[in-house]
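Coordinate inspection notes
Each chain is listed here by its residues.
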Amino acid sequence: MPTSERALVREVGPRDGLQMAKSVMPTAAKRRWIAAMAACGLPEMEVASFVPPALLPQMADAAEITRAARADHPALHVVALAPNLRGAQNAAAAGAQTIILPVSASEAHSQANVRRSRAEQVAELARVAAWAATLGGAAPRIEAGISTAFGCSLQGIIPEREVITLAADLARAGADRVALADTLGYASPSQVRRLVRAVRGEIGAERCGNLHLHDTLGTALANVFAALEEGVRGFDAALGGLGGCPYAPGSVGNAATEDLVFLLESEGFATGIDLPALIAARAALATGLPDERLHGRLAAAGVPRTYRPAMTA
Ligand code: ZN
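Scoring rules and cut-offs
Residues numbered from 1 in each chain as written. Predicted model: local features only at pLDDT ≥ 70, side-chain atom pairs only at ≥ 80, totals over all residues. Heavy atoms only, no water. Axes fitted to C-alpha atoms, helices over the stretch in contact; angles between N-to-C directions. Helix = DSSP H or I, 4+ residues; strand = E, 2+ residues; numbered from the N terminus. Left-handed = near helix turned anticlockwise from the far one by under 90°. Contact = heavy atoms within 4.5 Å. Core = buried A, V, L, I, M, F, W, Y, C linked by side-chain atoms within 4.5 Å. Buried < 20%, exposed > 50% of the residue type's maximum accessible area, 1.4 Å probe, protein only. Donors = N, O, S within 2.8 Å, 3.2 Å for Na, K, Ca; no water. Pairing = 2+ DSSP bridges.

Structural notes on the packing of helix H2 (residues 27-38) against helix H3 (residues 62-72)
Orientation of H2 relative to H3, taken along the N-to-C sense of each, is 35 degrees, at an axis distance of 11 Å. Regarding H2 and H3, the two cross each other, and that crossing is right-handed. Here Thr27, Lys30, Arg31 and Ile34 of H2 come into contact with H3, specifically with Glu64, Ile65, Ala68 and Asp72.

Some thoughts on the nonpolar core
Counting residues in hydrophobic clusters, the biggest one holds 91 residues, and the most contacted among them are Ile146, Leu170, Leu180, Leu211, Phe235 and Leu264. The biggest single contributor to this core is helix H7 (residues 160-172), with six residues. Beyond its immediate sequence surroundings of up to four residues, Ile146 is in contact with Val103, Ala105, Val163, Leu166, Ala167, Leu170, Val178, Ala179, Leu180 and Ala181.

Observations concerning the coordination of the zinc ion
Taken together, the protein donors to the zinc ion comprise Asp16 (OD), His212 (NE2) and His214 (NE2), at separations of 2.0 to 2.1 Å. Along the chain, the residues donating to the zinc ion are arranged with the sequence spacing D-x195-H-x1-H. With Asp16 in helix H1 (residues 13-17) and His214 in the loop between strand E8 (211-213) and helix H9 (220-229), the pair connects residues that are 198 residues apart, well separated along the chain. We classify Asp16 as buried; its relative accessible area is 3%. Residue His214 is classed as buried on the basis of its relative accessible area of 2%.

Quick look at the sheet that holds E8
The strand order around the closed barrel formed by eight strands is E2-E3-E4-E5-E6-E7-E8-E9, and the pairing between neighbours is parallel. Each strand axis lies, on average, 25 degrees off the axis of its neighbour in the sheet, ignoring direction. Of the pairings in the sheet, the one linking strand E3 (residues 44-49) to strand E4 (residues 77-81) comprises five bridges and is parallel in character. In the strand pairing of E4, Met45 is matched with Val78. Against the sheet, helix H6 (residues 118-133) touches strand E5 (98-104) and strand E6 (141-147), its axis set at about 165 degrees to E5. Across the face of the sheet, H9 comes into contact with strand E7 (177-182), E8 and strand E9 (234-237) while running at roughly 165 degrees to E8.

Put into structure tokens, the structure is as follows:
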């Protein structure tokens, strides 16, 4: 049997996937959906966003969902997003093992998303990292997620030099991981290749978090492939290709987890995820959000009879 490398797929549907949903998924339905996905072997899941419920009613149960994810799924690495120190403290109190602080490369998106300048948000990351350092062994991992790293609908082109400098600033401010996010889905494979290579060179590959891609223009999987060739082995995705940012006009869904897993496994990168079971988990999502249209090519086509998961040594 051929052996293969491993790739890490992080499901972000319960956070990124739900924040653009027209209706609010009930807490019990969220828990059933998370359970269905965890049962497929997903190693990591971003389950909530610790923002004021008035801004994002879909996340009003963030603490409850995070606590339940930890209690119900001990093998799952539970991730939450928080826009500031207070959110990070709430996320940690609920048991989040990794906390993602979004830092926009675009000044305009930064103001719209967190109502702070880019520099102010780097300073907030430093505060979060300093607080986490006081927790010793119980500290959550602090990840800075550079949103709009590949372009912004509000501001247009973001110079690559600015993104590289921002990544270095965030590493210096104490982020355990720094991740690039294509919030709008504007990236092309050569752009991914250039920026990923430059940022890995700047802060070190081991400090780089998952690549976070959206599929607005149908280029997400091509971008995944370019990143794989650069050595990236961690990717975010959302079941059913849901997702988008309410403060980035024109943003649509994430790379669909099912399609990503198919690509990775077919290319010899073992994910540990049971693909037919993952497709079946869409039923729990559809039940919880009956008005939402789900995306994804693999679910539409069915798992091909030629599919062979990657084998690990
Ligand atoms: Zn996103």
